[in-house]
Amino acid sequence: MKNTPHSDESHVQKHKFFESFSSWVTKATGSPAAFLMALAVVLVWAISGPFFHYSETWQLVINTGTTIITFLMVFVIQKAQNKDSVSIQLKLNELIAATKGASNRLVGVETLDQDELDILCKHYETLAELTRKASDLRKSHSIEEAYKDTKDKLKAEEGATPEAI
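Residues numbered from 1 in each chain as written. Predicted model: local features only at pLDDT ≥ 70, side-chain atom pairs only at ≥ 80, totals over all residues. Heavy atoms only, no water.

J.: Would you mind going over the overall build of the chain with me for this structure?
T.: Tallying secondary structure elements over the chain gives five helices and zero strands in all. Of the contacts formed within the chain by residues at least 6 apart in sequence, a portion of 36% connects residues at least 24 apart. (Helix = DSSP H or I, 4+ residues; strand = E, 2+ residues; numbered from the N terminus. Contact = heavy atoms within 4.5 Å.)

Given below as structure tokens:
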């Protein structure tokens, strides 16, 4: 079946509805009122236990209800987290792109595979250790500048040779 303009518009509307709905649910369920309401439901359920002789049906009510709510909340919360993650990544990319001296190699780092991320992480751990030895974290700007500055600092402070670094 071909995508008609009408079906594309319908898809966009459904997507926007789910996005709005997930944002609303995430905010609502993270509120003190939602917590108090959930606590009240659990208390009512617990207090009602003697009236139902703590039957299997009584237990099944809370188990089924919490399982269904948890299952649905996983998808809603994941949608909200995905949106937040992309927003934060875009903000960080903007900061990298706008900062003179920052390494633009890190723009789009989220597309790297785990092995590539591990290599970068190890590089930054080494760089952080070298910079810690130099005792001034604020002077590092880019990978290249930080490495050169760290070598220079260590050489000046400790009399170390570049080969030792």
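J.: Quick question: what am I supposed to make of a negative patch on the surface here?
T.: A cluster of acidic side chains, namely Asp 113, Asp 115, Glu 116 and Asp 118, defines a negative patch on the protein surface. By the secondary structure assignment, Asp 115 is in helix H4 (residues 114-134). (Patch = residues over 30% accessible without salt bridge, like charges linked within 9 Å, V, L, I, M, F, W, Y side chains within 5 Å. Areas by Shrake-Rupley, 256 points an atom, 1.4 Å probe, with all protein chains shown as cover. Salt bridge = Lys/Arg side-chain N within 4 Å of Asp/Glu carboxyl O. Lys, Arg positive; Asp, Glu negative; His and termini not counted. Charge placed at Lys NZ, Arg CZ, Asp CG, Glu CD.)

J.: Mind showing me how you'd approach unusual backbone geometry here?
T.: For residues other than glycine, phi is negative in most cases, and the peptide bonds are mostly trans. A positive phi angle, close to 55 degrees, is found at His 53, a residue other than glycine. Inspection of the secondary structure assignment puts His 53 in the loop between helix H2 (32-48) and helix H3 (56-98). Looking at His 53, the relative accessible area reads 67%, which means it is exposed. Notably, Tyr 54 is not glycine yet its phi reads approximately 50 degrees, a positive angle. Mapped onto the elements, Tyr 54 comes out in the loop between H2 and H3. Look at Tyr 54 and you get partly exposed, because its relative accessible area is 48%. (Buried < 20%, exposed > 50% of the residue type's maximum accessible area, 1.4 Å probe, protein only.)

J.: What exactly am I supposed to notice about the environment of Leu 106 here?
T.: Here Leu 106 is to be found in the loop between H3 and H4. With residues near it in sequence (within four places) discarded, Leu 106 still touches Asn 93, Ile 96, Leu 120 and Tyr 124.

J.: Explain the packing of aromatic side chains here, please?
T.: Geometrically, a pair of aromatic rings is defined through the distance of the ring centres and the angle of the planes. Counting across every chain of the model gives five aromatic pairs. Ring centres of Trp 45 and Trp 58 lie 4.0 Å apart, and the angle between their planes is 5 degrees; on these two criteria the pair is classed as stacked. With Trp 45 in helix H2 and Trp 58 in helix H3, this pair connects stretches of sequence that are 13 residues apart. Put simply, the rings of Phe 17, Phe 21 and Trp 24 touch in pairs and so form one group of aromatic residues. (Phe/Tyr/Trp six-rings, centres within 6.5 Å; stacked < 30°, edge-to-face > 60°.)

J.: Honestly, a nonpolar patch on the surface in this entry has me stumped. Any pointers?
T.: A cluster of nonpolar side chains, namely Phe 35, Leu 36, Leu 39, Leu 43, Ile 47, Phe 51 and Phe 52, defines an oily patch on the protein surface of about 790 Å² accessible area. With respect to the helices and strands, Leu 36 occurs in helix H2. The exposure class assigned to Leu 36 is exposed, which follows from its relative accessible area of 53%.

J.: How should the side chain of Lys 79 be read in this particular structure?
T.: With respect to the element layout, Lys 79 can be found in helix H3. Overall, Lys 79 belongs to the buried group, its relative accessible area being 18%. Look past the residues within four positions of Lys 79 in its chain and what remains in contact with it is His 15, Phe 18, Glu 19 and Ser 22.

From the geometry alone we can't say anything about function, so treat these as descriptive.
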